[in-house]
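Notes for the structure review
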Amino acid sequence: MADSTQSFEPQLLKESEAARWLNIGKRKLWSLRASGAIPIVRIGRSVRFDVDDLRDYVAKNKVGIADA
């Protein structure tokens with residue numbers, strides 16, 4: 001039997017959840033999606049964002065002090 005105190009982190013996020021996860025607005029997320037910077041997962045007509053893709057986006061866009 002599963003431990004009831006174990007937390008569940010979804011792998012796929014809705015648009016509003018993904019924007020909140022990245023701490024950006026929905027319009028910025030739309031822009032990133034449209035440019036192909038962040039891929040989407042389609043389930044029927046629903047659009048979801050894979051948490052791993054969001055993490056990859058953040059990792060690829062990190063800059064150091066010398067890079068800024």
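Residues numbered from 1 in each chain as written. Predicted model: local features only at pLDDT ≥ 70, side-chain atom pairs only at ≥ 80, totals over all residues. Heavy atoms only, no water.

1. Topic: the overall build of the protein chain
For the protein chain, the helix and strand inventory stands at three helices and three strands. Overall, the protein chain shows an N-to-C arrangement of helices and strands of β-α-α-β-β-α. Looking at the protein chain as a whole, 19% of its 68 residues are labelled buried. Contacts in the protein chain between residues at least 24 apart in sequence constitute 49% of all its contacts with a sequence separation of at least 6. (Helix = DSSP H or I, 4+ residues; strand = E, 2+ residues; numbered from the N terminus. Buried < 20%, exposed > 50% of the residue type's maximum accessible area, 1.4 Å probe, protein only. Contact = heavy atoms within 4.5 Å.)

2. Regarding the packing of helix α1 (residues 15–22) against helix α2 (residues 26–35)
The interhelical angle for the contact between α1 and α2, taken along N-to-C directions, is 100°, at an axis separation of 9 Å. On the basis of their axis angle, the class for α1 and α2 is roughly perpendicular. Judged by residue contacts, Glu15, Ser16, Ala18, Ala19 and Leu22 of α1 engage Lys26, Leu29, Trp30 and Arg33 from α2. When grouped by side-chain class, the residues that make up the contact of α1 with α2 number five nonpolar, one polar and three charged. (Axes fitted to C-alpha atoms, helices over the stretch in contact; angles between N-to-C directions. Parallel < 35°, antiparallel > 145°, perpendicular 65-115°, else oblique. Nonpolar A, V, L, I, M, F, W, Y, C, P; charged D, E, K, R; others polar.)

3. With respect to the environment of arginine 33
Along the polypeptide, arginine 33 turns up in helix α2. Judged by its relative accessible area of 28%, arginine 33 is partly exposed. Put simply, arginine 33 and phenylalanine 49 are 16 residues apart on the chain and 9.6 Å apart in space, counted from C-alpha to C-alpha. Look past the residues within four positions of arginine 33 in its chain and what remains in contact with it is Glu15, Ile38, Ile40, Arg42, Val47 and Phe49.

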